[in-house]
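# Coordinate analysis (summary)
Residue strings, one per chain:
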Amino acid sequence: DLVIVVPPAATVPGVIQDCVDQGVKNAIIISAGFKEVGPEGEKLELEVQRIATKGNLRIVGPNCLGIICPTSGLNASFANLMPQKGSVAFISQSGAMITSVLDWSVSQKVGFSAVISIGSMLDMDFSSMIFYLAKDSATKSIVLYMESIGNARNFLSAARECSLTKPIIVIKGGRTSHTGSLTGSDAVLDAAFKRAGVLRVDSMSDLFEMADVLSKQPLPNGNRLAILTNAGGPGVLATDALASHGGVVAELSPKTVQDLSGVLPAAWSHGNPIDVLGDATAKHYADSLEIVAKDPNCDGFLVILTPQAMTAPTDCAVALTKYAKIQGKPVLASWMGGPDVAPGAKVLNDAGIPTYAYPDMACRTFNYMHQYQTNLDSNYDRIDLKVDLEAVQAGKLQAQKLIASVRASGRSLLTEAESKLLLKAYGIPVTPCELANSPQEASAAAEKMGFPVVIKLNSTTITHKTDVGGVVLNLHTSYAVEKAYNDMKESVSRLASPEGFEGVTVQPMISLKGYEIILGSSLDPQLGPVLLFGTGGALVEVFQDSAVALPPLNPNLARKMLQETKLYKALLGVRGMGSVDMDQLIQIMVRFSVLILDLPEIAECDINPLIASEDSIMSLDARVLLHDPSVDAVDLPQPSIRPYPHQYVCSYDLDDGSKAKLRPILPEDEGLMRHFYARASWPDGCDPASMPNEEEHPTCTLDRQHLIRTCFVDFDRSIVLVAEVDKAIMGAGRISREEMSDDFTFSLQVLPECRKKGLGSKILKRLIELSRMEGAACIKADVFCENKRALRFLEGHGFRLGVPTHSGRLVPAKYQLTDSSHHRSRSRTGSKALAGDRKPTLMMS
């Protein structure tokens, strides 16, 4: 099953060849001396990879410490001790970090479910391990020490799936090594972690602290903290620490204040922080927490105790233990002091109430918890605003032709006029723009357009027009236009070159009393295309008010991006100015996201300024830079999250003459899917059956977690097809990649009224077709043996039925697409996803 490889690097290729010859499937290469030492080591590593890939051998390492699994007693590592059993899995690229943590864990009595050193990640990387640990029942949380993200697309796919059920906490160095640009790589990495539902922390102590806390306490539903203290000073420090990272002190309801006054001395603070005074008893603490716990304005609680003459720290701790599990609201404590409070702190920790030496540490933990919950919520909130993606795609062909024409001419820089044509093709509003190649043409265009006008430099070589006098505003006469034309020509020739002047564009002078916005994209070396939104205009680098995100965007993600900027509050209306049309702005952001993903030839794209007022939103200027024409299409950077597969949308005529549209699912379909499930028939009325029996159950109590996994699907992992008939979903099917395999599992559900219209057959054939297009070797499912209708249906479509398994209850059904002997797991180089345990009666688990 496993070979541990430790000889010198030069001998490792031969050892790996021996492993392949013996049929070994897994190897841990502890040996160093590969790409980390230079070109010769890199050659050795590539040779190891070639041999392993050909022999279907999976590798951890090289240059790693190995793997330790305390739950099974396996120590396949270079470490000299076995840690305690626990529920935290630790994955690290640094072997030295692991040995340090293991030594620390002994004194702190911290246990692990797994300790994994992945080294250079020649084959198995963070994503491979996360996919495995997501299914490991012994693992409750996963912590990562990361030096480089590796295959970003694989990592985000794995993390997004796992974070729905288990927290992932990461620490990564490099915050101070970014370039300082608007989309510095560290800010982009932060955005990627948020998108994947991963919590990033700043220190090693926070890493394990948060893993422990998240296993004991629920996540808060907001950032409002109630603070109970027996001293004013610690309460003030807690308030400051809370506010410094986004938390707020909860405003107590009048009823809470009244109830607290009934149990506390008259001199209590009558506000939050709740100062229960220095002589507070255990009963005061317990009664106060019980009252505050019922306040809907409070999302979490921090109880602070300082040792004073009349204080009984241990008694107070014992009194609070019955409140260790408040539904949906975390309880934290700070028992300040030394030996006097230590027994009480132990009582609280043993009861599952995380307890800290100082209140600022507890507030930092609460803020991390809120941040983690916010990341999850923003990724999976219900979407009310709909964006018609098919309408957005209507201009794709026109845009592609424009890009192809520019590249064919050998250019990389689009003119402003071309850039605006590109935006217009995707429904992004732009100002009218007319090209003029002489002063007379410019004045004629201005007269036709109406004064006042703006003239701007038209150039295929100059990027920043204002630097060379290439923008003249507020021209009111033909004479002024002609003079500005000549002056601009002279200025460009002097400050740049005569060849840089290629005429001007004439545009109306837009007098909008609004806000200047920048909406743009650039490339991150690790994560591909990145979107930027923020305060725009000429001083964009000065204000530095921006947010970055990974495409694709949906309306909720676009709104979240807006909310991360200081500009957001102004856009809602301030000082007599009305609110910008936020829905229109969000639509523009989503359309821009689609444009960037549709046209991978774009290296950089900026709309600056995008003027937004309460009356309208308009792009006044745009700049588009393409990759060099010599770059082949296959070598263009790819997004780190797979975009919506528009190419899989199609329509069919059903047997009764009605039309069905088959398309990949959207997050916006959540309401339609809930209605679909309510109308479907399945055993028990709870889990949608992939191949249901004939019982009818018209209602369903499906939880939202299931809907999230269905509607917010990761297209690298699964594709869910829905069949839309008359704006209602009448059928759905899913294909999912199996872990470390080219086999796909599938499921299918059709409403009873469409079963005799051929819809099920249309969906199944399309699933088979998509599986082939996605590179599957076969497509398979398990069917209950008593479900004769489903078995006949599959046999009729070319599936081979196997021998019943699982005590004869399940019949495996398989449709072979290719010769499986020629297939190799896609997880080494391509997007790889984990289908999870096969659950034959579940449609979208």
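An account of the accompanying structure is given in this report.

## Some points on the overall build of the protein
Assigned secondary structure in the protein consists of 26 helices and 34 strands. For 845 residues, the compact-globule estimate of 2.2 N^0.38 gives 28 Å, and the protein sits close to it at 31 Å. In terms of principal-axis extent, the alpha carbons of the protein reach across some 90 × 75 × 65 Å. Taking all 845 residues of the protein together, the buried fraction comes to 56%. Partitioning the contacts of the protein with sequence separation of at least 6, the portion at a separation of at least 24 is 71%. The positive charge centre, built from 82 side chains, and the negative charge centre, built from 94, are 5 Å apart in the protein.

## A word on the packing of helix 9 (residues 254-261) against helix 10 (residues 282-293)
The relative placement of two packed helices comes down to the angle between their axes together with the axis-to-axis distance. Axis separation between helix 9 and helix 10 bottoms out at 9 Å; the angle between their running directions is 165 degrees. With respect to each other, helix 9 and helix 10 are oriented roughly antiparallel. Crossing of helix 9 against helix 10: the hand is right-handed. Mapping the contact onto sequence places Thr256, Asp259 and Leu260 in helix 9 and Ser288, Ile291 and Val292 in helix 10. Considering only residue class, the contact of helix 9 with helix 10 consists of 3 nonpolar, 2 polar and 1 charged.

## Comments concerning the side chain of Arg195
For Arg195, the position within the fold is in helix 6 (residues 185-196). Buried charge without a salt bridge: Arg195, with Asp714 as the nearest opposite-charge side chain at an N-O distance of 9.5 Å. A polar atom in the side chain of Arg195 sits 2.5 Å from the backbone oxygen of Leu550. Not counting residues within four places of it along the chain, the set of residues in contact with Arg195 comprises Arg160, Asn379, Leu550, Pro551, Pro552, Leu557 and Ile641.

## A short note on the nonpolar core
One finds Leu422, Phe533, Leu571, Met673 and Leu759 to be the most contacted residues of the largest nonpolar core, which totals 107 residues. Per-element accounting of this core gives the leading share, 10 residues, to helix 22 (residues 582-598). When residues no more than four places from it in sequence are discounted, the contact partners of Leu759 are Leu654, Ala660, Leu662, Ala723, Met730, Gly731, Val750 and Cys754. Within the second largest apolar cluster, 45 residues are counted, among which are Val60, Leu144, Phe155 and Leu189.

## Details of the pattern of salt bridges
One pass over the structure, following the stated rule, counts 41 salt bridges. A salt bridge links Lys346 to Asp350, with the shortest nitrogen-to-oxygen separation between them at 2.7 Å. Highlighted residues: Lys346 and Asp350, both in helix 12 (residues 342-350), separated by 4 residues, approximately one helical turn. For Lys346, a relative accessible area of 51% puts it in the exposed group. Arg704 serves as the salt-bridge partner of Glu670, at 2.8 Å between the closest nitrogen and oxygen. Placement of the pair is Glu670 in helix 23 (residues 670-679) and Arg704 in helix 24 (residues 704-711), with a sequence separation of 34 residues. Among the charged side chains, a salt-bridge network with shared partners connects Glu416, Lys420, Lys456, Lys465 and Asp621.

## Comments concerning a nonpolar patch on the surface
A contiguous nonpolar surface patch, about 320 Å² in accessible area, is contributed by Leu2, Ile4, Val6 and Leu74. Topologically, Ile4 is positioned in strand 1 (residues 3-5).

## Here's the deal with unusual backbone geometry
In this chain, Asn272 is followed by Pro273 through a cis amide linkage whose omega measures 10 degrees. For Leu277, which is not glycine, the phi dihedral falls at a positive 80 degrees. Relative to the elements of secondary structure, Leu277 occurs in the loop between strand 13 (274-275) and helix 10.

## Focus on the sheet that holds strand 18 (residues 453-457)
Strand order across the open sheet formed by 4 strands is 17-20-18-19, with antiparallel pairing between neighbours. Pairing within the sheet leaves two strands with one partner each, and these edge strands are strand 17 (434-436) and strand 19 (471-475). For this sheet, the mean angle separating the axes of adjacent strands, direction not counted, is 25 degrees. Bridge count between strand 18 and strand 19: 3 bridges; the pairing is antiparallel. Across the sheet, the residue bridging to Ile455 is Val472, located in strand 19. Contacts from helix 18 (residues 478-495) reach strand 17, strand 18, strand 19 and strand 20 (504-508) within the one sheet, and its direction differs from that of strand 18 by about 20 degrees.

## Let's talk about the environment of Ile596
Take Ile596: it is sitting in helix 22. According to the relative accessible area criterion, Ile596 is buried, its value standing at 5%. Residues Ile596 and Glu724 lie 128 residues apart in sequence; the distance between their C-alpha atoms is 28 Å. What Ile596 contacts, discounting residues up to four positions off in sequence, is Ser521, Pro529, Leu531, Ile602 and Cys605.

## A word on the environment of Val811
Within the secondary structure, Val811 is located in strand 34 (residues 810-816). In sequence terms Val811 and Cys785 are 26 residues apart; their C-alpha atoms lie 5.6 Å from each other.

## Considerations on the packing of aromatic side chains
Inspection of the entire model under this criterion finds 13 aromatic pairs. Between Phe155 and Phe193 the ring centres are 6.1 Å apart and the planes differ by 70 degrees, which places this aromatic pair in the edge-to-face class. Highlighted residues: Phe155 in helix 5 (residues 152-162) and Phe193 in helix 6, separated in sequence by 38 residues. For Phe193, a relative accessible area of 1% puts it in the buried group. When the ring of Phe676 is compared with that of Tyr677, the centres are 5.7 Å apart and the planes differ by 50 degrees; the resulting orientation is tilted. What makes Tyr677 buried here is its relative accessible area of 1%.

## Concerning helix 1 (residues 12-21)
What helix 1 keeps buried is the set Val12, Pro13, Ile16 and Cys19. End-on, the buried residues of helix 1 take up no more than an arc of 115 degrees, which puts them together on one face. As for helix 1, its buried residues are in contact with strand 1, strand 2 (26-29) and helix 2 (39-54). Two residues or fewer after helix 1 comes Gly23, characterised by a positive phi angle close to 80 degrees.

Parameters and conventions
Residues numbered from 1 in each chain as written. Predicted model: local features only at pLDDT ≥ 70, side-chain atom pairs only at ≥ 80, totals over all residues. Heavy atoms only, no water. Helix = DSSP H or I, 4+ residues; strand = E, 2+ residues; numbered from the N terminus. Rg over C-alpha atoms; globule rule 2.2 N^0.38 Å. Buried < 20%, exposed > 50% of the residue type's maximum accessible area, 1.4 Å probe, protein only. Contact = heavy atoms within 4.5 Å. Lys, Arg positive; Asp, Glu negative; His and termini not counted. Charge placed at Lys NZ, Arg CZ, Asp CG, Glu CD. Axes fitted to C-alpha atoms, helices over the stretch in contact; angles between N-to-C directions. Parallel < 35°, antiparallel > 145°, perpendicular 65-115°, else oblique. Left-handed = near helix turned anticlockwise from the far one by under 90°. Nonpolar A, V, L, I, M, F, W, Y, C, P; charged D, E, K, R; others polar. Salt bridge = Lys/Arg side-chain N within 4 Å of Asp/Glu carboxyl O. Polar contact = N/O pair within 3.5 Å; in protein donor to acceptor, adjacent residues only side chain to side chain. Core = buried A, V, L, I, M, F, W, Y, C linked by side-chain atoms within 4.5 Å. Patch = residues over 30% accessible without salt bridge, like charges linked within 9 Å, V, L, I, M, F, W, Y side chains within 5 Å. Areas by Shrake-Rupley, 256 points an atom, 1.4 Å probe, with all protein chains shown as cover. Pairing = 2+ DSSP bridges. Phe/Tyr/Trp six-rings, centres within 6.5 Å; stacked < 30°, edge-to-face > 60°. Arc of directions from axis to C-beta.

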